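Letter by letter, the chains look like this.
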Amino acid sequence: MAASFQSIRYSLVIPVFNEEAVLPVLLRRLDLVLSRLDGPAEAIFVDDGSSDSSSIVLRALATRDPRYRYIGLSRNFGHQIAITAGMDAAQGEAIIVMDADLQDPPEVIEQLIAKWQEGNDIVHARRLSRDGESPFKRATAHLFYRLLGRMSSVGIPADVGDFRLIDRKVLDALRQMPEQDRFVRGMIAWLGFRQTEVAFHRLERAAGETKYPLFKMVRLAMNAALGFSDLPLRLAIWCGLTVSGLALLYGGWVVLLWLSKDSHLVTGWSSTMVVVSLLCGMNMLMTGIVGLYVGRIHAEVKRRPLYVVQARAGFDRSEAAAAPAIHAVNE
Ligand code: UDP
Ligand code: MG
């Protein structure tokens, strides 16, 4: 490891997409927080294809001040990819991801660090309130976190965005997950480790407007649902079983009516309905079964590691036992 690698303790990763309006106040607040931290820190700005002056300002800052770094992506790749690029470049022992718009107050970083120093590997920042966001965004976000919590087998914490601190070993594990459609908060929850949270009030955007229009939110929600749950795939099986079951019940009912020579029975219609709905149900069932196989293929192509080791003990001892002579000399 290079000396500079070890010397940095904290890495801040900040995705930026056309944030020129907020940069002056962000840089002022960031400067204060960086100077208060109890170790060397770097702030990595990832310019996600900005077309305003953000790129020029941040690039100039990075060449002038050694605490700041600049990564310019070649186009707008989206928030999740931008934070991935920043984390890949981070050198610190603790890595903190935060938004540029000051909705994630830089002052909360010190609380995240305090929890990390208590021995936690992942510290999520949970939103107690969301100021200045439309009722629609609040309601959909609320629903999204609740639904995702129910659908997913991984405990993805509710009301937690991407504002969090992770330890270097968590980042190393995260970097073994090369999946394309990334939902970073889910991937981190999937990793396990010692997790805790700090609560904060999410403020209004300091300046500028949201870079997360509805279509980007829907894409994020789809990535979350498809990457962390196989419920959508299994849905077809349950629909198929229900429809076929109902068709069979209806078929039985029609036969009973026919046997009792009920005059209301329209000849031809009932048998057609029974056959059509039964076939429909079978079709869905088969789609669901294909879905299960697709699900397995999907799990394989994500190429997530099978498991993540948090700690190891006793291995050196067995090595020593295999070579007792060397061990004795060392003692
Ligand atoms: N962002 C980004 N690329 C995008 C969209 C957003 O890097 O395609 C950044 C943006 O500059 C900000 C953070 O991601 O730092 C969160 O975006 P925003 O505040 O617009 O989202 P909201 O808080 O409205 O959900
Ligand atoms: Mg924001």
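Structural data are supplied above this passage.
The shown structure was predicted, so the numbers you read here are calculated from the model rather than taken from an experiment.

Q: When you look at the coordination of the magnesium ion (ligand 2) in this model, what are you seeing that I'm missing?
A: The expected angle between donors at a tetrahedral four-coordinate metal is 109.5 degrees. At an octahedral six-coordinate metal it is 90 or 180 degrees. Within the protein, the atoms that donate to the magnesium ion (ligand 2) are Asp101 (OD) and Gln103 (OE1), at distances of 1.9 to 2.0 Å. Note on accessibility: Asp101 and Gln103 belong to one class, buried.

Q: Explain the sheet that holds strand 4 (residues 94-97) to me, please; I cannot follow it from the model alone.
A: Hydrogen bonding along the main chain pairs the strands of a sheet, whether they run parallel or antiparallel. The sheet built from 7 strands is open, its strands ordered 3-2-1-4-6-5-7 with mixed pairing. Each end of this open sheet is capped by a strand with a single partner; those strands are strand 3 (68-72) and strand 7 (195-202). Neighbour to neighbour, the strand axes of the sheet diverge by 20° on average, direction disregarded. Sheet analysis places strand 1 (residues 10-16) next to strand 4, joined by 4 bridges and oriented parallel. Bridge pairing in strand 4 links Ser11 to Ile95. Strand contacts of helix 3 (residues 54-64): strand 1, strand 2 (41-47) and strand 3, with the helix running at about 140° to strand 3, the strand carrying the most contacts.

Q: Would you mind showing me how to read the packing of aromatic side chains here?
A: Any pair of aromatic rings gets described here by the distance separating the centres and the angle formed by the planes. Counting across every chain of the model gives 6 aromatic pairs. Note on Phe144 and Tyr145: the rings are 5.2 Å apart at their centroids and 55° apart in plane angle, and the pair reads as tilted. When its relative accessible area of 17% is taken as the criterion, Phe144 is described as buried. Judged by centre distance (5.4 Å) and plane angle (85°), the ring pair of Phe163 and Phe200 falls under edge-to-face. Of this pair, Phe163 sits in strand 6 (residues 160-167) while Phe200 sits in strand 7, and the two are 37 residues apart along the sequence. For the residue pair Phe163 and Phe200, the accessibility class agrees, reading buried in each case. By the ring-pair criterion, three or more aromatic residues cluster together here, those being Phe144, Tyr145, Phe183 and Phe228. It is Arg304 that lies over the ring of Trp190; its NZ or CZ is 5.6 Å from the centre. Lying across the ring of Phe228, Arg304 places its NZ or CZ 4.5 Å from the centre.

Q: I keep staring at the site of ligand 1 and nothing clicks. Help me out?
A: In the vicinity of ligand 1 lie 19 residues, with Glu19, Asp48, Asp101, Thr210 and Lys211 positioned nearest. With respect to ligand 1, the side chain of Arg202 contributes an N or O atom lying 2.8 Å from an oxygen atom. Measuring from an oxygen atom of ligand 1, one finds a side-chain N or O atom of Thr210 at 2.5 Å. Coverage of ligand 1 by the protein amounts to 96% of the 530 Å² it exposes when considered alone. In terms of residue class, the shell around ligand 1 is built from 5 nonpolar, 5 polar and 9 charged.

So, how was this worked out
Residues numbered from 1 in each chain as written. Chains lettered and ligands numbered in written order. Predicted model: local features only at pLDDT ≥ 70, side-chain atom pairs only at ≥ 80, totals over all residues. Heavy atoms only, no water. Donors = N, O, S within 2.8 Å, 3.2 Å for Na, K, Ca; no water. Buried < 20%, exposed > 50% of the residue type's maximum accessible area, 1.4 Å probe, protein only. Pairing = 2+ DSSP bridges. Helix = DSSP H or I, 4+ residues; strand = E, 2+ residues; numbered from the N terminus. Axes fitted to C-alpha atoms, helices over the stretch in contact; angles between N-to-C directions. Contact = heavy atoms within 4.5 Å. Phe/Tyr/Trp six-rings, centres within 6.5 Å; stacked < 30°, edge-to-face > 60°. Lys NZ or Arg CZ within 6 Å of the ring centre and 35° of its normal. Near = heavy atom within 4 Å. Polar contact = N/O pair within 3.5 Å; in protein donor to acceptor, adjacent residues only side chain to side chain. Areas by Shrake-Rupley, 256 points an atom, 1.4 Å probe, with all protein chains shown as cover. Nonpolar A, V, L, I, M, F, W, Y, C, P; charged D, E, K, R; others polar.

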